[in-house]
Amino acid sequence: MPEGHVIHRLAIVTNEHFAGRPVQVSSPQGRFAESAALLDGRVLAGAEAWGKHLFITFETEQPEHIIHIHLGLIGKLWFEPFAAPRGAVRLRITDGETTADLHGPQTCRLVSVGEQAAQLAKLGPDPIRPDADPEVAWRRVHASNRSIAALLMDQKIAAGVGNIYRAEVLFRHRVSPDAPGRTIDRALWDMIWADLVELMRLGVVDGRIDTVEFAHTPEQMGRSPRVDRHGGEVYVYRRAGMPCHVCGTEIATRVLEGRNLYWCPSCQR
């Protein structure tokens, strides 16, 4: 599932190509056809991301004309020069030159301003957004007996944080994934939050997740670059059985609440 930086990049690209301009909206697959017809030819006002949710607003007379997209596990939103649809395209937005095609989303629906607000009310602060309030996240973490690893994957705590950022930020601060939220003091939480802000905003700019310090880059360590479809250099994510870049201990893994958790047993005691 894409993490929050991917959705923010999609919002940026949507605005670069279409914001402030009339666009053609269709549903070649047919499942969004009725809604698409209401938007076809309208001006796309703008797109914004909140966590893993993308909202695309259109200039219309009705308050129900916001497209709410959640990519889920297999969804993709592709931007390319105008061409015939390929595969099952749920939603197509185009200005005749550039096309944005949405495939396989978990959610693609028209919502009103009120429905959008209700969805946002379910989410915690998004570290990438300048209006994020880390105090909200801190209160929820500090009051919980759940493990910090579970809490960081809870979108009510930090919207947009996924499995990679969860694993990496805990390693970077040498925090055991099993530590209960209530045992995380305010100073440590502030450092974790600040790190999420920095790492996730860099992810928006770079289009990949890099979490290693300069001393642990391939060039400095004399090792081969990481090869993974997610890209980026990381400490523990998908490195089970490999030596820790810091101490050499084998990276461990187990399933936590349906997702693979990665950590260093020595660095994160």
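Let me begin by describing the structure that accompanies this report.

What counts as what
- Residues numbered from 1 in each chain as written.
- Predicted model: local features only at pLDDT ≥ 70, side-chain atom pairs only at ≥ 80, totals over all residues.
- Heavy atoms only, no water.
- Helix = DSSP H or I, 4+ residues; strand = E, 2+ residues; numbered from the N terminus.
- Polar contact = N/O pair within 3.5 Å; in protein donor to acceptor, adjacent residues only side chain to side chain.
- Contact = heavy atoms within 4.5 Å.
- Salt bridge = Lys/Arg side-chain N within 4 Å of Asp/Glu carboxyl O.
- Buried < 20%, exposed > 50% of the residue type's maximum accessible area, 1.4 Å probe, protein only.
- Pairing = 2+ DSSP bridges.
- Axes fitted to C-alpha atoms, helices over the stretch in contact; angles between N-to-C directions.
- Patch = residues over 30% accessible without salt bridge, like charges linked within 9 Å, V, L, I, M, F, W, Y side chains within 5 Å.
- Areas by Shrake-Rupley, 256 points an atom, 1.4 Å probe, with all protein chains shown as cover.
- Phe/Tyr/Trp six-rings, centres within 6.5 Å; stacked < 30°, edge-to-face > 60°.
- Lys NZ or Arg CZ within 6 Å of the ring centre and 35° of its normal.

## Remarks on the side chain of R226
So, step 1. Of note, R226 is situated in the loop between helix 8 (218-221) and strand 10 (252-256).
So, step 2. A distance of 2.9 Å separates a polar side-chain atom of R226 from the backbone oxygen of G232.
So, step 3. If we ignore the near neighbours within four places in the chain, the residues touching R226 are G231, G232, E233, V234, Y237 and R238.

## Points about the pattern of salt bridges
So, step 1. Per the counting criterion, the structure on display carries 17 salt bridges.
So, step 2. The partner of D95 in a salt bridge is R21, and the shortest N-O contact between them spans 3.1 Å. Taken together, the residues D95 in the loop between strand 7 (89-94) and strand 8 (98-103) and R21 in strand 1 (residues 21-22) connect sequence positions 74 residues apart.
So, step 3. Owing to a relative accessible area of 18%, D95 belongs among the buried residues under this scheme.
So, step 4. Salt-bridge contacts for D154 lead to K156; the nearest nitrogen and oxygen are separated by 3.3 Å.
So, step 5. Looking at D154, the relative accessible area reads 15%, which means it is buried.
So, step 6. The partly exposed category is assigned to K156, whose relative accessible area is 44%.
So, step 7. Linked through salt bridges whose partners overlap, the residues forming this network are R146, D154, K156 and E257.

## Considering the pairing of strand 4 (residues 53-59)
So, step 1. Of all seven residues making up strand 4, five are buried, and the element is well covered by its neighbours.
So, step 2. Sheet topology note: the strand 3 (residues 43-50)/strand 4 ladder contains seven bridges and is antiparallel. Bridging from a neighbouring strand, E48 pairs with F55 of strand 4.
So, step 3. Where strand 3 hands over to strand 4, the hairpin turn is made up of two residues, of which G51 adopts a positive phi near 65°.

## Remarks on the sheet that holds strand 6 (residues 76-81)
So, step 1. The strand order 2-7-8-6 describes an open sheet built from four strands, whose pairing is antiparallel. Each of the sheet's edge strands pairs with one partner strand only, and the pair in question is strand 2 (24-26) and strand 6. The average undirected angle you get between the axes of adjacent strands in this sheet is 15°.
So, step 2. Relative to strand 8, strand 6 runs antiparallel, the two being bridged by six bridges. Across the sheet, K76 pairs through a bridge with H103, a residue of strand 8.

## Considering helix 4 (residues 134-142)
So, step 1. Where helix 4 is concerned, the buried positions are V136, A137, W138 and V141.
So, step 2. Tucked into the core, helix 4 has its buried residues touching helix 5 (148-152) and helix 7 (186-206).
So, step 3. Measuring from the side-chain oxygen of the N-cap residue of helix 4 to the backbone nitrogen of E135 gives 3.0 Å; that N-cap residue is D133.

## Side note on the sheet that holds strand 4
So, step 1. A sheet is described by the order of its strands in space; here five strands give the open sequence 1-3-4-5-9, paired in antiparallel fashion. In this open sheet, the two strands that pair with only one neighbour each are strand 1 and strand 9 (107-111).
So, step 2. Across the face of the sheet, helix 1 (residues 4-18) comes into contact with strand 1, strand 3 and strand 4 while running at roughly 165° to strand 3.
So, step 3. The strands touched by helix 3 (residues 113-121) are strand 3, strand 4, strand 5 (66-70) and strand 9; relative to strand 9, the strand with the most contacts, the crossing angle is about 130°.

## Examining a nonpolar patch on the surface
So, step 1. Judged by side-chain polarity, M1, L73 and I74 come together as a nonpolar surface patch covering roughly 340 Å² of accessible area.
So, step 2. Mapped onto the secondary structure, M1 falls in the segment before helix 1.
So, step 3. Looking at M1, the relative accessible area reads 32%, which means it is partly exposed.

## Details of the pairing of strand 5
So, step 1. Among the five residues in strand 5, five count as buried, and that is most of the element.
So, step 2. Of the two faces of strand 5, the one carrying I66, H68 and H70 and the one carrying I67 and I69 are both buried.
So, step 3. Direction of pairing for strand 4 relative to strand 5: antiparallel, over a ladder of five bridges. By the bridge assignment, F55 is partnered in strand 5 with H68.
So, step 4. Bridge count for strand 5 against strand 9 is five bridges, and the pairing is antiparallel. When the sheet's bridge partners are listed, I66 is paired in strand 9 with V111.

## A short note on the side chain of H8
So, step 1. Among the structural elements, H8 can be located in helix 1.
So, step 2. Apart from residues lying up to four places away in sequence, H8 is in contact with A49, G51, D126, I128, R129 and V204.

## Describing the packing of aromatic side chains
So, step 1. One pass over the full model with this rule turns up four aromatic pairs.
So, step 2. Residue placement shows R92 over the ring face of F82; its charged tip is 5.5 Å from the ring centre.
So, step 3. Here the basic side chain of R174 rests over the ring of F171, its NZ or CZ set 4.5 Å away from the ring centre.

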